[in-house]
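# Inside the fold
Given next are the chains, with one letter for each unit.
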Amino acid sequence: MRGSLRKENRHIFSHIVLLLWTFVVLFPIWVLVINSFKTRLTIYENPFWIPKTWEFSNYTTVLRDGDFFTYFKNSFFVVSISLVLVTLLASLAGYALARYKSRIGTIIYYFFIAGMMIPIKIASIKLLEIMRALGLLNTIYALPPIYVAMGLPVGVFILTTFIRELPEDLYEAAIIDGASSGKIYSMIILPLIRPALATTAIYNLIPFWNDLWFPLIFINDERHKTLLLGVTRLFGQYQTDWSKVLAVLTLSAIPVLVLYLAMSSQFIKGVTAGSVKG
Amino acid sequence: MRIKHSRHFPWLLYLAPALLVYTVFMAFPLIDSLRLSLFSGNNQVTRVFVGLDNFKRLFTDPEISTRYWGAFFNTWKFFFVHFIVQNGLGIFFAVLLTQETMKGRQIYQTIIFIPTTFAVLITGYLWKLMLNPVWAGDFLVSIGLPFLKHPYLGDTNTALWAVSLVSCWQWLGIPTMMFVAALRNINVELLEAARLEGAGSVKTFWYIKLPLIKPIVGIVAVLTFVNNFNAFDIVFAMENVNGAPEYSTDLIGTLFYRYGIAGQHPIGIPDAGLGAAIATITFLLLMVLVIPTLRQTQRGA
Amino acid sequence: MKRLHVLLPMLLLLCVLLPVSAQGNKAEISDEVVLTMGSWRTDDVEQMNRLLNAYKKLAPKVTIKFQPTNPPDYNATLRLQLDSGTGPDLMYARSYAAGQELYNAGYFADCTDIPGLMENFSASNLAPWQMSDGTMFAVPFAAVSHAVYYNKDIFKKEGLSIPENWEAFLSLCDTLEKKGYTPLANGLADEWDILETFFFGLLPNYIGGADMRVKYESGELPLNDRNFVEAYQAMADVAQYCPDGFESVTYNDSQVLFNSQKAVMFVDGSWTAGVYKDAPFDWGLFAIPAPKGKSTAICFHPDMAITMNTATKHPEEARAFLAWLCSEEGATTASQNLPSGYFPMIKFPIKLEDPHANEFLSLNAGRKTDARFVWPKLMNLYAPMNQAVIKVMKGDISAKQAADSVQALM
C-alpha cells in the first residue's frame, strides 16, 4: 500500500510530458541566448551551437549606452502605473457588475466586453488628436491612459467572472454584520480575488511591455522612448544587426519574467484564502 | 434569498472611474473610427459620405473580396489550431501542474510561461531561423533527421500551420496560468471524496473539474477567439504584411492593417473607409459568436 | 464608514488630472528654431547628423533633428502624424504616386519656387517628384542603382569571367553549381526584393529604357508581349540557381549568404554596398546582362527626396534648408554624407570617394537607364507583378501565364 502510494507520487508520466515541453521551450531560448553572443554574420555559421568567440560587446554596448537605461525606466514606469490602475479600476467595476443586478449593469458589462473585439489601432488618428489636445504628445504620459483603457475590457471580463463565482452567503454574512459595500470590497472581495487580480495583471503586462505601435506614433523624443521603441533604432531599412537586437530583447524579457514570478506567487496565496468554492 | 441593492448610486460610483477612462480613450475613438466605414477619402479635406459602398466593395470587388475571403478562412484555421493545440495543451498541463504531490511544478509553470514574455519580434526571428532550411538544414542532417528539411515558411501548404503553431508555442503560458488558477480554486475535499468513491483521474477531470472551471474555460475560449481574429504581429514578424507566401498566411488582422492602416507596399496609401468596414464586420461577427458563449458559461451574464 | 465613497470620486479626479498636470515645461522662450526631419532611413543617423551639423554652421540658430522611423512602419506612422497634425517639419518624400498622394492631401508643400531647384536638376530627375502640372513637391536627394554583386576571389580561383550576355550568365551559374557553389543568393521570402532588385533590374534589358516604358503605360504595347514573357522566363530560369529552399530565404539571409561566401553572386541594389565594406574577400559588380541581340540597360531609380510640411511653424527656416540642398555647396556636402550606394541627382559634377559607388555609376556609361518599371504610372500592378514573378520562380505557372495574369489587370 505504502509502496504504491509512493509510486503514484512520483508522477513519472507527468514529468516525461513536461520535460518534453521544457525541451521545446528551452531549445529556442538556447538559440536566442547563444546567438546574442555572436556577431551579425557569425550567427549564421552555426546558429545552434555556441560561438567560436564570445562577443560580449552586444551586451556591453547596450549597458554602456545610457539611453537604454532611460528607455528601460520609461517602460517600467508606464507599465507599472498602467497595471496598478487597470487592476484597481477593473476590480471596482467587476465588483459592481457582479453585484449590481439590473439592466444598466448588463448593458455596461457588454459595453466593456465590446472593447475586446475591435483592434485599437483603428482608433489611432483619434487618439493622436486627443493626446495632442491634452498636450501629452511626445511624452510617456500619453501611454498609460490608452493602456488602461485597452486593459479594462479584459480586466472587467475576468474579474466580473471571478467575483460572480464567489458564494452568495459571503455577502449575506457580511451584510448581517453591518458591513458597507466599500468594506465588503476592501475586506472580503480583494483578498479573495488575488489570483484573478494577478491573472489580469499578467495578461495585460505582456501587451503593455511589448507594445510598439503607440510609442511609435506618439513619441519622437529620445528621453521619452520606451524600450521596444528604442530597439527599433537597431533596425535598418535593408539590414538589421540581429545579434544586438537579440541581446536587447533578451534583457527586456527578464523584467517581465520577474514580474510574472512575483505576481504568480499570488496564486499560491490565493489557494489558502480562496478554497471556498465547491 | 437575494439581497436587493436598490440604490443605483453606489454601484455607478464604483463603475465611474473605469467607465470614464474606457469611454474617453477607447470607446469614443473606436466608435468615431468605425463611423469612417461609411466614408471614402483619407482625411478631413477629401472625406465623402458613401453609404455602404465600402462594405459593397469588400464583398464584390474581385481583388478585395478574394483577399477578404482568403484571410477569413485563414483566420478560422489559425483560430482552430489555437483552440485545440494551445488551449488543449494548456488545460492538460494545468491538470498535471495541479497535482499536489508533484515536485517542480513552479519550475515547469515558469518554463511554460517564458515564451509569453518575449516580444513577438524575437519569436518570429528565432523560429524563422530554426525553420529555415538554409541555416537549419545542415543541423537536421547532422542529427539524422534530413527528411525534416523543408522551407516550411515558404511553402503555401505549410506556412499557415507553422505560423499558428509558433504562436501557440508563445502564448501557451496564458491559458495554462488561467487554468491552473481555476483548478487550484477547486475544493480539495470534493476531489478527495471523488477519489474515495473510486473515480479515476480521467473521470474526475471530466465530471468534476471541468464543470467547476467552466467559467474560466469560457473566458479562455472567448479571449482566444477575440485575439486570433485580431492577430497580426506574428505574421508580420514571421512572414510579411502581405501574408506571404502568396497570401497563404494572410489573416483578417493583416488584411485590416494592410488596407486600413499602412496601405499596400510600396505606395502605402491606406484606405481608411475599407479598413473600418473590415473592422466593423469582424466586430459584428465576434459579438454574434461571443455573447452566446458567455451566456453558456458565465453565471448571470 | 463611507470612506470608499469619498475615495472613488477622488480616484476619478486623479484619472483626469494626471494627464493634464503632466504637461507643462513646453514653452521655450528663445529665438532658436528646432525643426524635426522624418525619414525611413534609420541606418543613416550618423551621416545625416554630420550633414545637419554642417548646415548648423551656416544657420546657427536653426537646429534640425533627424528622427527616422523604422522602415516597415514609416508610411503608416507618417500618415497618421500628418493626418492628426503632428507630422515633422521636414521629411523624406517617396517618388511618384506615393509622394503625389501626400501632396494632394495637402501635406507636402509646393517647392517649385525654391531657389535653384528648377535650374540645378535635369528634367528627368525632377519628374519623379513633379505633379502633372509641373509643380514640384520635393527636392530630389538621392538615386539608387541595381546590379549583380559577385565574389571576385571565387571568380579568379575558378577562372571565370564576367558574362557578356544573359545566356552566358546562365551557363556561368551552371558552371558554378557544378563546382559545388550556390550561384545566386536571392530568395523569395520577403517578396519585395526579388521584384525590385531582380525583376525590375533586368526588365530594361528586355523592354528598353524610359522611351519604351511609356508605350507600355499608354497601352500601345501589352504587358504580355514577347519582351515581357522573355523577362519572366529569365526569372524562371534562374530559380534553380538560387539557394536550396529559396522560397523561405529572406533578404537578410541573402545578404549573409553572399557576405559569408556561401553564395557567389547576388542581384541586389546599390544600397547594400556599404554592408560588404568589411567583407573578407574582394567583390565587384556587373550589369545584369541582356540576352543576345538586345542591349544592356540599367535600372537607375530615383529613390528619395526631401520636402517640407505645409503645417510647419517655421516655413522660412525649412525653405532655407531646402534651398541649401539645391545649391552647389549644399549638394556637395550632402553627397559627401550620403551612405555608399546612394547617388546625388543634382547637375553639378560631384566626385564620390567610395570605389564601389563609382563602379556602380560606371555601369551607366553609354547605356539607357530607367526607374523601376511600375513606379511612374503603374504602381497598382506592383503586387500582381510581384506574385507573378514568385509563382514563375516556384514553377507554379509558366512565363506566358505570368505575363497574361498581369496584362489582365491593365
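Within each chain, residue numbers correspond to sequence positions counted from 1 in written order. Lettering of chains starts at A and numbering of ligands starts at 1, both following the order in which they are written. In keeping with the model being predicted, local features are shown solely for residues with a pLDDT of at least 70 and side-chain atom pairs are shown and tallied solely at 80 or more, while totals for entire chains, interfaces and linings include all residues. Excluded from the side-chain calculation are hydrogens and water; included are all heavy atoms of the structure.

## Some remarks on the interface of chain A and chain B
Between chain A and chain B, the residue contacts involve 98 residues of the former and 95 residues of the latter. When two components associate, each loses some accessible surface as probed by a 1.4 Å sphere; the sum of these losses over both components is called the buried area. Both sides of the chain A and chain B interface together cover about 9,700 Å² of buried area, and 77% of this is carbon and sulfur. For salt bridges, the criterion is a side-chain nitrogen of Lys or Arg within 4 Å of an Asp or Glu carboxyl oxygen. Between the two partners, chain A and chain B, sit one salt bridge. In this structure, Asp 32 of chain B engages Lys 126 of chain A in a salt bridge whose closest nitrogen and oxygen atoms are separated by 3.7 Å. Any pair of nitrogen or oxygen atoms within 3.5 Å is treated as a polar contact; in protein, a donor-acceptor pairing is required on top of that, and neighbouring residues in sequence qualify only through side-chain atoms on both sides. Run the count over chain A and chain B and you get 15 residue pairs in polar contact (both at pLDDT 80 or more). For the side of chain A that touches chain B, the leading source of residues is helix α2 (residues 12–35) of chain A, giving 16 residues. Whether two residues are in contact is decided by their heavy atoms: any pair within 4.5 Å suffices. Each helix corresponds to a stretch of at least 4 residues labelled H or I by DSSP, and each strand to a stretch of at least 2 residues labelled E; elements are numbered beginning at the N terminus.

## Notes on the packing of aromatic side chains
By convention, a stacked pair of Phe, Tyr or Trp rings (six-membered ring in the case of Trp) has centres within 6.5 Å and planes under 30 degrees apart, an edge-to-face pair has planes over 60 apart, and any other such pair is tilted. Applying the stated criterion to the full structure yields 85 aromatic pairs over all chains. Here the aromatic rings of Phe 68 of chain A and Tyr 71 of chain A are separated by 5.2 Å at their centres, their planes lie at 75°, and the arrangement is edge-to-face. Of this pair, Phe 68 of chain A and Tyr 71 of chain A both sit in helix α4 (residues 66–99), three residues apart, which is roughly one turn of that helix. Classification of Phe 68 of chain A as buried rests on a relative accessible area of 7%. Relative to Phe 236 of chain B, the ring of Phe 232 of chain B lies with its centre 5.1 Å away and its plane at 25°, an arrangement referred to as stacked. Think of it in three bands: residues with accessible area under 20% of the maximum for their type are buried, residues over 50% are exposed, and the middle band is partly exposed, with areas taken using a 1.4 Å probe on protein chains only. Given the relative accessible area of 28%, Phe 236 of chain B is considered partly exposed. Here the aromatic cluster, defined as three or more aromatic residues joined through ring pairs, consists of Phe 59, Tyr 68, Trp 69, Phe 72, Phe 73, Trp 76, Phe 79, Phe 80, Phe 83, Phe 225 and Phe 229 of chain B. The rule for a charge over a ring is simple: NZ of Lys or CZ of Arg within 6 Å of the ring centre, and within 35 degrees of the ring normal. A cation over a ring is seen here: Arg 94 of chain C above Trp 40 of chain C, with NZ or CZ 3.9 Å from the ring centre.

## What about the interface of chain C and chain B?
Put simply, an interface is often sized by how much accessible area is lost when its parts join up. Each partner contributes to the interface: chain C provides 45 residues, whereas chain B provides 38 residues. Buried surface at the junction of chain C and chain B, both sides included, amounts to about 3,300 Å², of which 61% is carbon and sulfur. At the junction of chain C and chain B, the tally comes to one salt bridge. Where Glu 246 of chain B meets Lys 394 of chain C, a salt bridge forms, and the shortest distance between an N and an O atom there is 3.3 Å. Contributions of two or more residues to the side of chain C that touches chain B are made by α1 (3–21), α3 (71–83), α4 (96–104), α9 (192–207), α12 (251–259) and α16 (382–394) of chain C. Three classes are used, and their members are as follows: Ala, Val, Leu, Ile, Met, Phe, Trp, Tyr, Cys and Pro are nonpolar, Asp, Glu, Lys and Arg are charged, and the others, Gly among them, are polar. Looking at side-chain class alone, the side of chain C that touches chain B contains 24 nonpolar, six polar and 15 charged residues.

## Thoughts on the environment of Ser 201 of chain B
All names here are of chain B. Its location among the elements puts Ser 201 in helix α10 (residues 201–212). Judged by relative accessible area, which is 63%, Ser 201 ranks as exposed. Ser 201 sits 10 residues away from Leu 191 along the chain, and the two C-alpha atoms are 9.9 Å apart.

## Some words on the side chain of Thr 86 of chain C
By the element assignment, Thr 86 of chain C lies in the loop between α3 and β3 (90–94). Note on Thr 86 of chain C: relative accessible area 17%, which makes it buried. At 3.2 Å, the side chain of Thr 86 of chain C forms a polar contact with the side chain of Ser 84 of chain C. Setting aside residues up to four positions removed in sequence, Thr 86 of chain C forms contacts with Leu 128, Arg 132 and Leu 137 of chain A together with Gln 81 of chain C.

## Quick look at a nonpolar patch on the surface
All names here are of chain A. The grouping of Trp 30, Trp 49, Ile 50, Trp 54 and Phe 56 at the surface amounts to a nonpolar patch, some 540 Å² of accessible area in total. Tracing the sequence through the fold places Phe 56 in the loop between α2 and α3 (57–64). A relative accessible area of 48% means that Phe 56 is categorised as partly exposed. Residues with no salt bridge and a relative accessible area higher than 30% make up the patches, which join like charges within 9 Å and nonpolar side chains (Val, Leu, Ile, Met, Phe, Trp, Tyr) within 5 Å. Using a 1.4 Å probe, accessible areas were evaluated by the Shrake-Rupley method; residue-level cover was limited to the displayed protein chains.

## Brief notes about the UniProt feature "domain: ABC transmembrane type-1" (unreviewed entry) in chain B
UniProt positions are given in the numbering used here, feature names are shortened, and annotations may be inferred rather than shown by experiment. Sites flagged by UniProt as "domain: ABC transmembrane type-1" (unreviewed entry) map to residues 72–295 of chain B. Its end C-alpha atoms 25 Å apart, residues 72–295 of chain B is made of 71% helix and 0% strand.

## A closer look at the UniProt feature "transmembrane region" (unreviewed entry) in chain B
Residue and element names in this part refer to chain B. As recorded in UniProt, the feature "transmembrane region" (unreviewed entry) lies at residues 12–31, 78–98, 110–127, 159–183, 204–226 and 274–294. Secondary structure content for residues 110–127 is 67% helix and 0% strand, and the end C-alpha separation is 21 Å. End C-alpha atoms of residues 204–226 are separated by 30 Å, and the span's content is 96% helix alongside 0% strand.

## Description of α9 of chain C
Residues and elements named next belong to chain C. For α9, spanning 16 residues, the distance from its first C-alpha to its last is 21 Å, which sits close to the expected 22 Å at 1.5 Å a residue. Bend is computed residue by residue as the angle between axes fitted to the seven residues ending at the residue and the seven residues starting at it. Roughly 35° is the biggest bend found in α9, and it falls at Phe 199. Counted residue by residue, α9 has 16 buried out of 16 residues, so it is predominantly covered. Downstream of α9 by one or two residues, Gly 208 has phi in the positive range, about 95°. In a helix, the anticipated span is given by 1.5 Å times the number of residues less one.

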